[in-house]
Amino acid sequence: MATYAEALFLERAYSRLEYANKIERDVLYVENTIPVYKKCDVLYNSWVNDSDKDIYHKGALMLHSLRMVVDNDSLFFKAIRTMSQEFSMQHVSTDQAVAAFNKHLGADYSVLFDWYLKRVKPPVLDVYLDGTTHELHYQLQDAVPFSPTGELLLFTSGEIGSIRPTTEYQTVKLKESNLPQFMVSPSIYYIPETKKKI
């Protein structure tokens, strides 16, 4: 929660753009080598083991994704405030936190939490850019059941565009033969993986 609070502070003190920049930077710090969810009574030390650092940024990106899926900031922040008061000065298990989020948000987001907490990687978007035809081919490796619109944004040729990937390859024509910048801040946390061919 603390790492995500940094992004929220930037949004409140400066602007939504600063929040977005922080979220995009968090993506760069994640190695996706281990899941966030860990066994109890096992010592993890991010000072010694770099892969343990993933839990902070992945946790922040999970909360960002939850905020995007809920798509209701007043409800989202009310849930955060209520949980902060309910769980003040105590240890909270993952199951308790997920149940509290589901209760206060009024819907079951367990699938989202399971994905971001128990899988090594977030949703993966396979992308292949044909430099000759300027066509971007893309597909999700797995269906993402918790993303209601499925819309992902990308920045190319000075413009923001959107795609709605599925598990089947789709194609979009670009104005140039450069790989676009895939934007996480206005959507859920996902990673693009470039393929040599489709």
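(A) Structural detail: the packing of aromatic side chains. Counted under the stated rule, the structure contains eight aromatic pairs. An angle of 80 degrees between the planes, with centres 5.8 Å apart, marks the rings of Trp115 and Phe146 as edge-to-face. Separated by 31 residues along the polypeptide, Trp115 in helix H6 (residues 110–118) and Phe146 in the loop between strand S2 (135–140) and strand S3 (152–156) bring together distant segments of the chain. Phe146 carries the same exposure label as Trp115, and that label is buried. Pairwise contacts between aromatic rings join Tyr4, Tyr19, Phe76 and Phe77 into one cluster. The ring of Tyr19 carries Arg67 above its face, with NZ or CZ at 4.9 Å from the centroid.

(B) Structural view of the sheet that holds strand S7 (residues 191–194). Reading across from one edge, S5-S2-S1-S7 is the order of the four strands in this open sheet, with mixed pairing throughout. Of all the strands in the sheet, just strand S5 (170–173) and S7 have a single pairing partner and so form its edges. Between one strand axis and the next, the sheet turns by 30 degrees as a mean value, whatever way the strands run. Judged from the four bridges that link them, S2 and S5 form a sheet pairing that is antiparallel. Looking across to S5, one finds that Leu136 is bridged to Val172.

About the thresholds
Residues numbered from 1 in each chain as written. Predicted model: local features only at pLDDT ≥ 70, side-chain atom pairs only at ≥ 80, totals over all residues. Heavy atoms only, no water. Phe/Tyr/Trp six-rings, centres within 6.5 Å; stacked < 30°, edge-to-face > 60°. Helix = DSSP H or I, 4+ residues; strand = E, 2+ residues; numbered from the N terminus. Buried < 20%, exposed > 50% of the residue type's maximum accessible area, 1.4 Å probe, protein only. Lys NZ or Arg CZ within 6 Å of the ring centre and 35° of its normal. Pairing = 2+ DSSP bridges. Axes fitted to C-alpha atoms, helices over the stretch in contact; angles between N-to-C directions.

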